[in-house]
Amino acid sequence: MTPPAAWADLPFFAQGWPAVRARLAAEARPWAPGPDRLFRALDLVPPDAVRVVILGQDPYHEPGRATGLAFGYPPGVKPAHSLANILRELASDRGISRADGDLTGWARQGVLLLNTVLTVVEGPGMAGSHARLGWQRLAAEVLARAAARPCAFLLWGRPAQQAAAPVLDPDRHLIVAAPHPSPLSAHRGFFGHRPFGRVDAWLAARGAAQIDWAA
């Protein structure tokens, strides 16, 4: 559970991480995504590489699902629930059909797939079980660091929008807000808001390479 080198100077790692690490070590129940993938989103995208931020809440609590990347599934696992709706919108927006939910390829292009809470106890009914561990401070510091440069924010659902609000600057950032892609809310405005095309148009207008969403 080593802090990611490129982000290790954030105050959280000196001031908040020791207590969170101790609570994880004392956790008697299996938790996800596990020590080897705990900081995977930050390991794959250093601060100066962030081009897009997609903000989730906490990892999947179903055993074997959490990958350390918000919304991502393990390779070869058929996407379901929120991710299936995200990929449905991608197909409608950009004409890209994906059967695999491994989003590592997005991260390698500078898409920071960050959960505001990095861990969860595995098992039925355990969603949000680590919401009081203290992870939100890290998320706030990461968002502030990312927002120091021009980037796009895809904020799905009120919790994501509230978490990012303090650092957003319409003059420097593309801000795309919509309902959460959960099956409970996707039909309230998530479908049809075309986030991927909006990101690509914004990047192109800045002379930057578009994201290969099929990767």
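Predicted model, so just to flag it, every value in this text is computed and none were measured. (Residues numbered from 1 in each chain as written. Predicted model: local features only at pLDDT ≥ 70, side-chain atom pairs only at ≥ 80, totals over all residues. Heavy atoms only, no water.)

Caption draft 1: Quick peek at the sheet that holds strand β6 (residues 174-178). The parallel open sheet is built from four strands, whose spatial order is β3-β2-β5-β6. Every other strand in the sheet has two partners, leaving β3 (111-115) and β6 as the edge strands with one partner each. Direction aside, the axes of adjacent strands within the sheet are offset by 15 degrees on average. Here strand β2 (residues 52-56) pairs with strand β5 (residues 152-156) via four bridges, running parallel. Bridged to Val52 within β5 is Ala152. The strands touched by helix α6 (residues 135-146) within the sheet are β2, β3 and β5, with β3 carrying the most contacts at an inclination of about 160 degrees. (Pairing = 2+ DSSP bridges. Helix = DSSP H or I, 4+ residues; strand = E, 2+ residues; numbered from the N terminus. Axes fitted to C-alpha atoms, helices over the stretch in contact; angles between N-to-C directions. Contact = heavy atoms within 4.5 Å.)

Caption draft 2: Local environment of the pattern of salt bridges. Overall, the coordinates contain five salt bridges when judged by the stated rule. Residues Arg145 and Asp9 are paired through a salt bridge, measuring 3.1 Å at the closest nitrogen-oxygen approach. Of the two residues, Arg145 sits in helix α6 while Asp9 sits in the segment before α1 (11-15), which places them 136 residues apart along the sequence. Judged by its relative accessible area of 54%, Asp9 falls in the exposed class. A salt bridge links Arg137 to Glu141; the nearest nitrogen and oxygen atoms lie 3.1 Å apart. Taken as a pair, Arg137 and Glu141 lie in helix α6 at a separation of four residues, close to a single helical turn. Using a relative accessible area of 15% as the deciding quantity, one classes Glu141 as buried. (Salt bridge = Lys/Arg side-chain N within 4 Å of Asp/Glu carboxyl O. Buried < 20%, exposed > 50% of the residue type's maximum accessible area, 1.4 Å probe, protein only.)

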